[in-house]
Amino acid sequence: MSYLPVLGLLLLSVALLYQGRAFLSWVLPLGIAFIYWRVSPDSWGTGTAGLFAIYALCVIVFGVPLIRRLVLTRNILPAMATIFPKMSETERVALEAGTVWWDADLFSGRPDFQKLLDFQVAPTSAEERSFLENECEELCRMLDPWQIHNDRDLPPNVWDFIKSKGFMGLIIPTEYGGKGFSAQATSEIIAKVSSRSVSAAVTVMVPNSLGPAELLLHYGTQEQRDHYLPRLADGRDIPAFALTEPNAGSDAGAMTSYGIVCKGQWEGEEVLGMRLTWNKRYITLAPVATLLGLAFKLRDPDGLLGDEEDLDITCALIPTDTPGVVHDRQHDPLGVPFFNGPTSGEDVFVPLEFIIGGAERAGHGWRMLMDCLSAGRGVSLPGMSGGGSQAITRGVGAYASIREQFGIPIGQFEGIQEPLARIGGLTYVINASRTLTAGAVDAGEKPAVISAIVKAYLTESMRVVINDAMDITGGAGICLGPRNILAQAYHAMPISITVEGANILTRNMIIFGQGAIRCHPYAFEEMSAAWDRDVPRFDRALFGHVGSVFSTFVRASVLGATCARLATPPLPGPTATHFRQLSRMSAAFNLCSEVSMATLGGSLKFRERLTARLADALSWMYLSSATLKRFVDEGQTERDRAFMEWGCAHAHHEIQQALMELLDNLPNRFLGRMLKIKLFPWWSRVQPPSDHLSAKLAKALLDDGEARRHLTNGIHIPGPEDLGLGRLEAALDRAVQARAPRKKVKDAQRAGELPRSDELDILDEAVSQGVLNEIERDLIIDAAKSRDDAVQVDDFERS
Ligand SMILES: Cc1cc2nc3c(=O)[nH]c(=O)nc-3n(C[C@H](O)[C@H](O)[C@H](O)COP(=O)(O)OP(=O)(O)OC[C@H]3O[C@@H](n4cnc5c(N)ncnc54)[C@H](O)[C@@H]3O)c2cc1C
């Protein structure tokens, strides 16, 4: 017989696999072969018939669950149960915390972009917008970063304003006297305040982030909520949350602070309580806190609560005026003026009702913390990165436009355009991801993996932004003083990198570790079924998984070979290519993670260089999808197109680099090389943003055009009396107005109508020769004065 039909069937099978129909792709060829044999029995040679007989046997063994379980699954399960990594209870709780959302689609290799585009990011309410435009703007106007730097604290009137206007209770519901604002509004408030002052932003951020209020809202008893929430909302109580210890930093579960359940005297009566001993450090607001959230391990050696002696991590609220609470010292976090310090206590007795949620929540602390972190981490630091990057974009764009060297604005040099474009592009991506994530939190998600992604990658992107900005501004970024627009963000950068899960740990361990288990469609089910020795469940998960791997292999290879041309985008137009590439990257990522897990098993947990690259790929996929969604949601305007294209090109190149490096370093060298050729053949590799695109972005930041204003929308822009951003804005405004008259002078010089001397020296001559009118001359003079003033740096009396 001809082998053409066999080839046809094979192609059909591949097409079905590409569509994700693994089972059908195995069964259908068999059915068609059977019909073919019935119609034309003579055309079958023994070879072909034998081949199909083996194929049929495989389909029966793999495809009929009952036979498969008996023949295969029962024997595979015991071996697999030993391969899957064992987890401590602490690790398990951390991995199970929060919810899974769009990250699961990206992980699956087959993201449903329509689902993302249909997701509505809830807009801020009229009340929230009014707060942003009034109270928040007023707070920003009251803040003088240089004065705060010198005084090492916010002025008393600012503290009063923050408390009385409800900044401490943004997330506390209105029935408890708080603002009851959404995550989106909270994020925008933090962004706006941080565009003016990092110290004020941290002070506002901490009470609205993981801490007493958040824990009380989710787990507090009614009595605790009624008592504390109104006091926290109006600033009568200043909260701090103490988890970190000298020997328990990233590994917070290793804490040694402890409580012993016992009876003791409280307000003249004998009550059931606990004796607490703790030693915590790095605690934000601790030196000024009136209410300390404390995490410790609770023990009940006398069985006063039940049979269990070690009750595990517990969270309690301790008023700091309780005898024995020490919080009178402070750290100096890189000179950034906000309160942070150690706290300790020895045998401090408090009643059991001080446990958040009461005695029945004893031992539930770790789960409570991990759950709250899953949402909170996605709001606060992304908000700070969003506002910070916007303020830098605004200031550095202006600086590069007015600062002239070699006779032209430095922003026109290609060398400056490269970092300038990175600043603009990353600012677009950061704020797209910040908004999408806050939207997810408002929709009720506690997106554990996504919040880790935005915490780590938005702060890292902000670090790139601030470093680029320092390079562009040269000495003006280095000399401290009221004119310096970068120093406070530069000093504060390592703090964002370190807190709420240090970035190296988050990138290397948490994102893929949690993603692989939570987002993977089968891994968690396989593991738990194997540990439970549940054959039917394990069978369903394992063979669903096998089918999905075959299908992803085909899809990733086809998309790799065709440069993603066969992927279907959800929309036509400028986003189509990028959606296609993202589909391809998702399939490649899924296959790479499957191969890493299959070849390394439990030891993948310790191969952090590999899991970090998988985290890079997953994270940049999220950032790219947020960028695309922002562009679509904002009407796909020409104004933003270059920013979207830069963001996607940068993200897809990062993903490709991460996956190629992963494959280069896979211990199974053959598999690594083979997959690299399949997924990223030389003809279809994605390129980083082109020089042309970067120049386009940089130019958009140099003029005070619509794109620049839209990109920095929502931040505080100080008036011209402000020596930093205010003066730069004013100088840019004048520089733009003087641009056309200056060009006339240059053209006249080139034509030999005016001497080639300094522009300012020939202005009167230009007027007398009719090159300029007097208004134009004054515009040039004003712009020069303004420019001269804005590029000055501060100097001080020698000390
Ligand atoms: C300004 C500031 C404010 C803070 N505010 C608070 C607060 O209010 N409350 C509170 O409880 N804590 C607070 N912290 C503590 C903060 O959460 C910790 O600093 C952080 O968890 C890291 O702990 P560590 O500093 O001890 O570093 P370590 O845990 O010693 O880590 C050092 C480095 O090792 C890396 N690392 C650790 N384990 C791994 C791993 N398995 N794989 C790869 N890399 C790893 C980390 O990423 C980090 O880069 C604050 C810290 C600072 C600096």
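Scroll up to find the structure this text is about.
**Brief notes about the environment of Asp722**
Thought 1: Residue position: Asp722 is located in the loop between helix H29 (706-711) and helix H30 (725-750).
Thought 2: The class for Asp722 is buried, based on a relative accessible area of 13%.
Thought 3: Sequence-wise, Asp722 and Asp144 are 578 residues apart; in three dimensions their C-alpha atoms are separated by 8.9 Å.
Thought 4: In this view, Asp722 contacts Arg196 and Arg727; residues no more than four positions away in its chain are not counted.

**A short note on the nonpolar core**
Thought 1: Membership of the largest hydrophobic core comes to 105 residues, with the highest contact counts inside it found for Ile392, Phe589, Leu618, Tyr622 and Leu659.
Thought 2: Looking at this core, the element that brings in the most residues is helix H18 (residues 448-473), giving 14 residues.
Thought 3: Apart from the residues lying within four places of it in its own chain, the contact partners of Ile392 are Gly397, Ile423, Met462, Val465, Ile466, Ala469 and Leu486.
Thought 4: Leu143, Ile283, Ala286 and Phe296 belong to the second largest nonpolar core, which has 58 residues in total.

**Regarding the pattern of salt bridges**
When their charged atoms lie close together, side chains carrying opposite charge are able to pair.
Thought 1: The final tally for this structure, using the stated rule, is 43 salt bridges.
Thought 2: Here the salt bridges do not stand alone but share partners, grouping Arg394, Asp704, Arg708, Arg709 and Glu729 into one network.

**Here's the deal with the site of the ligand**
Thought 1: Around the ligand, the surrounding shell holds 19 residues, and the nearest of these are Phe241, Leu243, Thr244, Ser250 and Tyr282.
Thought 2: The separation between a nitrogen atom of the ligand and a polar main-chain atom of Phe241 is 2.8 Å.
Thought 3: Within the contact set of the ligand, a nitrogen atom lies 2.7 Å away from a side-chain nitrogen or oxygen of Thr244.
Thought 4: For the ligand, whose unbound accessible area comes to 980 Å², protein coverage reaches 68%.
Thought 5: For the shell around the ligand, the secondary structure elements donating two or more residues are strand E1 (239-242), strand E3 (269-284), helix H20 (487-498) and helix H21 (503-518).
Thought 6: For the shell around the ligand, the per-class residue count stands at 12 nonpolar, 6 polar and 1 charged.

**Things to note about the side chain of Glu526**
Thought 1: Inspection of the secondary structure puts Glu526 in helix H22 (residues 523-531).
Thought 2: Buried Glu526, no salt bridge; nearest opposite-charge side chain is Arg68, N-O distance 11 Å.
Thought 3: Leaving out residues up to four positions away in the same chain, Glu526 has contacts with Phe84, Phe538, Ala541, Leu542 and His545.

**Some thoughts on the packing of aromatic side chains**
Thought 1: Enumeration according to the criterion identifies 15 aromatic pairs in this entry.
Thought 2: Centre to centre, the rings of Tyr457 and Trp620 are 6.5 Å apart; their planes meet at 80°, and the pair counts as edge-to-face. A residue pair is termed long-range when its members are at least 10 positions apart, and Tyr457 in helix H18 and Trp620 in helix H25 (residues 608-633) qualify at 163 residues. When sorted by exposure, Tyr457 lands in the same class as Trp620, which is buried.
Thought 3: By way of ring pairs, the aromatic residues Phe131, Phe161, Phe167 and Phe181 are connected into one cluster.
Thought 4: The ring of Tyr428 carries the charged tip of Arg630 above its face, separated from the ring centre by 4.1 Å.

**A word on a nonpolar patch on the surface**
Thought 1: Together, Ile60, Val64, Leu66, Ile67, Leu70 and Val71 line one region of the surface with nonpolar side chains, adding up to about 510 Å² of accessible area.
Thought 2: Residue placement: Val71 occurs in helix H4 (residues 65-83).

**Some points on unusual backbone geometry**
Thought 1: Residue Asp312 is not a glycine yet carries a positive backbone phi of 75°.
Thought 2: With respect to the helices and strands, the residue Asp312 is situated in strand E5 (residues 310-319).
Thought 3: Of note, Glu500 is a non-glycine position whose phi angle comes to about 50°, a positive value.
Thought 4: Structurally, Glu500 is set in the loop between H20 and H21.

**Things to note about the side chain of His327**
Thought 1: Locating His327 in the fold gives a position in the loop between E5 and strand E6 (340-351).
Thought 2: Here the side chain of His327 touches Ala286 through a polar contact of 2.7 Å, landing on its backbone oxygen.
Thought 3: Those residues in contact with His327 that lie beyond four places of it in its chain are Ala286, Pro287, Ala289, Thr320, Pro342 and Thr343.

Rules used throughout
Residues numbered from 1 in each chain as written. Predicted model: local features only at pLDDT ≥ 70, side-chain atom pairs only at ≥ 80, totals over all residues. Heavy atoms only, no water. Helix = DSSP H or I, 4+ residues; strand = E, 2+ residues; numbered from the N terminus. Buried < 20%, exposed > 50% of the residue type's maximum accessible area, 1.4 Å probe, protein only. Contact = heavy atoms within 4.5 Å. Core = buried A, V, L, I, M, F, W, Y, C linked by side-chain atoms within 4.5 Å. Salt bridge = Lys/Arg side-chain N within 4 Å of Asp/Glu carboxyl O. Near = heavy atom within 4 Å. Polar contact = N/O pair within 3.5 Å; in protein donor to acceptor, adjacent residues only side chain to side chain. Areas by Shrake-Rupley, 256 points an atom, 1.4 Å probe, with all protein chains shown as cover. Nonpolar A, V, L, I, M, F, W, Y, C, P; charged D, E, K, R; others polar. Lys, Arg positive; Asp, Glu negative; His and termini not counted. Phe/Tyr/Trp six-rings, centres within 6.5 Å; stacked < 30°, edge-to-face > 60°. Lys NZ or Arg CZ within 6 Å of the ring centre and 35° of its normal. Patch = residues over 30% accessible without salt bridge, like charges linked within 9 Å, V, L, I, M, F, W, Y side chains within 5 Å.

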